[in-house]
Amino acid sequence: MQSIKNYINGELVDPISETFIENPDPATGAIYSLVPDSDEPDVLKAVTSAAEAYPAWSDRSSLERASFLSSIAGLLRRDLERLSLAESVDNGKPVSLARAIDIPRAASNFEFYATAIQQFSSEAHPMEGTALNYTLRNPIGVAGCISPWNLPLYLFTWKIAPALAAGNCVVAKPSELTPMTAYLLSELCIEAGLPPGVLNIVHGYGHKVGSAITRHPDVPVLSFTGGTKTGATIAATAAPMFKKLSLELGGKNPNIIFADCDYDTMLDTTIRSSFANQGEICLCGSRIYVEQSIYDKFRRDFVARTAALTIDDPLDEKSQLGAIVSKAHMEKILAYVELARQEGGEILVGGKQVYLEGRCRDGWFVAPTVIEGLSSDCRTNQEEIFGPVVTLSPFESEEEVLGFANGTAYGLAASLWTENLTRAHRVANHLQAGIVWINCWMLRDLRTPFGGMKQSGVGREGGIEALRFFTEAKNVCVKI
Ligand code: NDP
């Protein structure tokens, strides 16, 4: 059985405790690898090695740092097939999705920031004949990067790449549920000749490794993606230490469908925005609001399309939905379906565990589920389920649907379907969401600011926002 190793000071090492966590394949339920059960002493080693590497790394030119990032991107693209397979086995997602989205995007993250850092500039503020102010944007030091299990390598590299490009060294922790591609990345960093200590990857539980990174006094900047509750715990530790913090948290995203939309495109995309990656994407639209006049037609078509989705072995190219990441998460999703029933919801399709035959007979699969008849303020419509479960509700007016859409504690993303240009801009402006898609979903330009409002997070990632986050602005005033 393969034992994953930590990547500290340029070397692949076992945890100091020499204890490991069993890592199951969600499609079969079988343990297939072992993950270091690291703890504070491993994090201390990683932070020390990052701090020692920092002066030389931050002194390199941005072009030199970029060339390391480009080399890593090239190796990720070279190993597309191997990494896609690893991501699929580790997470349960269809291998076709990992090949099309997760791994190419991880490579793009490095490519994007290799280029972006060379375009990064800062401001000057001349004071008419008196003085000149200019702003320096210097790296901060050792950055802590903590990421979740749903898009493992994609989100892990989305943090690491800008942190390194800006001249920081990194101590990173992937989710212990999906550590494999982070481990393979550490092998590729060694192959790319990344200097020891520049990137350190410590595997293990959040309450041990994640917490030790968060409270370490020599980690002044933290980038976290994960659940809102965990984000609050991290913020409570980091705030009194005045750490710089970026939090990308949960969502309960509305998908608003007006009767005048391009119906076929909307239907195709809404199937994807509901069930891609088994609904385990923070940007999935889980509350679907449909204008009353097309509600019945939409319900009929959407339920038929949902029922026709193929839930299968993630390694089968035909599989459209794979396994849920863990047994515990599957049980949480099914408990929410039960809650929806108790709240008076009607399950139109799905609502149960799916049992496959053969290799995947002990895997954790949930049928894509559509529920209607729930009020917008019930728990099912307020709390993040993070699985292949959506609710349908009709609406009468723009004002009413804006009330529904904005009526949760979250504010991450929203989708909006209408051919009425004026309405599209008006509604987008009033939606409380960090990201609004009009007549599309998950169309991403890496230059754009990414993040959520309200309990979906603090700060923005992406493009120049991430480079600003991972640098400290210093104003220099020169009297003329
Ligand atoms: P969690 O919050 O449970 O975990 C995220 C990461 O934090 C994991 O690596 C976890 O380790 C670690 N962690 C847990 N406890 C602590 C702690 N006390 N201190 C430091 N680190 C800790 O989220 P999930 O992994 O379950 O991911 C799903 C969540 O992520 C959903 O809420 C989803 O909406 C959100 N998400 C948000 C995105 C966004 O961009 N806004 C994008 C993708 C997901 P461990 O695995 O051991 O628990």
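J.: Could you give an account of the domain arrangement of the protein chain, naming the residues involved and the relevant values?
T.: Along its sequence, the protein chain is carved into domain 1 (2-249) and domain 2 (253-447). Here the C-alpha centre of domain 2 lies 30 Å away from the C-alpha centre of domain 1. At the interface, 30 residues of domain 1 touch 30 residues of domain 2. When the two sides are added together, the surface that domain 1 and domain 2 hide from each other amounts to roughly 2,300 Å², 63% of it contributed by carbon and sulfur. Taken together, domain 1 and domain 2 are joined by two salt bridges. Close ionic contact of arginine 99 with glutamate 317 constitutes a salt bridge, the shortest N to O distance being 2.9 Å. At the boundary of domain 1 with domain 2, the tally comes to seven residue pairs in polar contact (both at pLDDT 80 or more). Elements represented by at least two residues in the side of domain 1 that touches domain 2 include exactly α3 (80-91), α4 (95-119) and α5 (152-165). Here the element with the most residues in the side of domain 1 that touches domain 2 is α4; it accounts for eight residues. Residues belonging to the side of domain 1 that touches domain 2 are distributed by class as follows: 15 nonpolar, eleven polar and four charged.

J.: Would you mind going over the side chain of serine 84 in detail, with residue names and values included?
T.: Its place among the elements puts serine 84 in helix α3. The buried category is assigned to serine 84, whose relative accessible area is 0%. A distance of 2.6 Å separates a polar atom in the side chain of serine 84 from the backbone oxygen of leucine 80. Not counting chain neighbours up to four residues away, the residues in contact with serine 84 comprise Val95, Ala98, Arg99 and Ile103.

J.: Before we move on, could you go through the site of the ligand and cite the residues and values that matter?
T.: Around the ligand, a shell composed of 31 residues is seen, among which Glu176, Gly206, Thr230, Cys282 and Glu384 lie nearest. In the environment of the ligand, an oxygen atom lies 2.3 Å from a nitrogen or oxygen atom belonging to the side chain of glutamate 176. One nitrogen or oxygen atom from the main chain of glycine 227 is found 2.7 Å from an oxygen atom belonging to the ligand. For the ligand, the accessible surface in isolation is 900 Å², of which the surrounding protein chains cover 86%. Of all the secondary structure elements, the ones that give two or more residues to the shell around the ligand are α7 (206-215), β11 (221-225) and α8 (228-238). It is α7 that provides the largest number of residues to the shell around the ligand, a total of four residues. Within the shell around the ligand, the residues separate by chemical class into 13 nonpolar, 14 polar and four charged.

J.: Describe the sheet that holds strand β6 (residues 124-127), and please don't skip the residues or the numbers.
T.: Taken in spatial order, the three strands of this open sheet run β6-β7-β25, and their pairing is antiparallel. The outermost strands of the open sheet, each flanked by one partner alone, are β6 and β25 (471-479). Direction aside, the axes of adjacent strands within the sheet are offset by 20° on average. One ladder, built from nine bridges, connects strand β7 (residues 131-139) with β25; its direction is antiparallel. Looking across to β25, one finds that asparagine 133 is bridged to cysteine 477.

Conventions and cut-offs
- Within any chain, residue numbers begin from 1 and follow the written order of that chain's sequence.
- pLDDT decides what is reported in this predicted model: residues at 70 or higher carry local features, side-chain atom pairs at 80 or more are listed and counted, and totals for whole chains, interfaces and linings draw on all residues regardless.
- The side-chain values count all of the structure's non-hydrogen atoms but skip hydrogen atoms and water molecules.
- Start and end positions for the domains come from either an automated domain assignment or a database one.
- Should any heavy atoms of two residues lie within 4.5 Å, those residues are considered in contact.
- As a working definition, buried area equals the accessible area (1.4 Å probe) given up by two parts on being put together, with both sides summed.
- Think of a salt bridge as a Lys or Arg side-chain nitrogen and an Asp or Glu carboxyl oxygen that are within 4 Å of each other.
- Each polar contact in these results corresponds to two N or O atoms within 3.5 Å; when the atoms are within protein, one needs to be able to donate a hydrogen and the other to accept it, and residues that are neighboring in sequence are counted only if both atoms are side-chain atoms.
- Note on conventions: DSSP H or I runs of at least 4 residues are helices, E runs of at least 2 residues are strands, and numbering of each starts at the N terminus.
- Residue type decides the class: Asp, Glu, Lys and Arg count as charged, Ala, Val, Leu, Ile, Met, Phe, Trp, Tyr, Cys and Pro as nonpolar, and the leftover types, Gly among them, as polar.
- Relative accessible area decides the class of each residue, using a 1.4 Å probe on protein chains only: under 20% of the type maximum gives buried, over 50% gives exposed, and in between gives partly exposed.
- Proximity criterion: a residue is near a molecule or strand once any of its heavy atoms comes within 4 Å of it.
- All accessible areas in this document rest on Shrake-Rupley with a 1.4 Å probe, and a residue is counted as covered only by the protein chains that are shown.
- One requirement defines pairing of two strands: DSSP has to find at least two bridges between them.
- Structural elements are reduced to axes, namely lines fitted to C-alpha atoms, with helices fitted over the stretch in contact, and the angle between N-to-C directions of any two is expressed from 0 to 180 degrees.

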